[in-house]
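# Residue-level structural notes
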Amino acid sequence: PEPGLPLIGRVAGGAPILAAEHVERRVAIDPAVFRPRADYLLRVQGDSMIDAGILSGDLVAVRRASRPEPGQIAVVRLDDEVTVKTWRPTGARVVLEPANAAYRPLTVDPRRTALTVEGVVVGVLRLGAAP
């Protein structure tokens, strides 16, 4: 495989997150810098996780996983949207918790709403202000 990590930009509904059309470019960083190792980088859009230190425009390093531990920050696909939220299972449901008081938690029943865990966040990269 090519060196570095694939950077995933806007994710189109329905297509796998690592589909070629989502890869903006590869970033020259060793996946082993992160523990556990990262599989890809995802560009964050929005401010729902600012109190967790994840700002709009940041790149989160993601390890592919289908079962996050409670309290881990997960990359989750809900229907056709991909979101980054804290994973809090409660019985048959999952609460996707933002880290910004301006947003409400999302309670999801996986039996009624298509929910796929794409991975867990293992690091954050902030590349500086865009020109």
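Presented here is a report on the structure given in the accompanying data block. As the structure is a prediction and not an experimental result, all values here were calculated from the model.

### With respect to the nonpolar core
Grouped together as the largest cluster of nonpolar side chains are 14 residues, with contacts concentrated most on Tyr40, Leu42, Val60, Val75 and Val84. For Tyr40, the residues in contact, after removing those within four places along its chain, are Leu5, Pro6, Ile8, Ile17, Leu18, Val60, Ala61, Val62, Arg64, Val75, Glu118 and Gly119. Within the second largest apolar cluster, 12 residues are counted, among which are Phe34, Leu41, Leu59 and Val120.

### What about the pattern of salt bridges?
Counting across every chain of the model gives 7 salt bridges. The residue Arg43 makes a salt bridge to Glu24 at a minimum N-O spacing of 2.6 Å. With a gap of 19 residues between them, Arg43 in strand 3 (residues 40–43) and Glu24 in strand 2 (residues 23–27) connect regions that are remote in the sequence. The exposure class assigned to Glu24 is partly exposed, which follows from its relative accessible area of 43%. A salt bridge links Asp39 to Arg64, with the nearest nitrogen and oxygen atoms 3.9 Å apart. Separated by 25 residues along the polypeptide, Asp39 in the loop between strand 2 and strand 3 and Arg64 in the loop between strand 4 (59–63) and strand 5 (73–78) bring together distant segments of the chain. On the basis of relative accessibility, which here comes to 23%, the residue Asp39 falls in the partly exposed class. Arg64 gets classed as exposed once you look at its relative accessible area, which sits at 52%.

The rules we used
Residues numbered from 1 in each chain as written. Predicted model: local features only at pLDDT ≥ 70, side-chain atom pairs only at ≥ 80, totals over all residues. Heavy atoms only, no water. Core = buried A, V, L, I, M, F, W, Y, C linked by side-chain atoms within 4.5 Å. Buried < 20%, exposed > 50% of the residue type's maximum accessible area, 1.4 Å probe, protein only. Contact = heavy atoms within 4.5 Å. Salt bridge = Lys/Arg side-chain N within 4 Å of Asp/Glu carboxyl O. Helix = DSSP H or I, 4+ residues; strand = E, 2+ residues; numbered from the N terminus.

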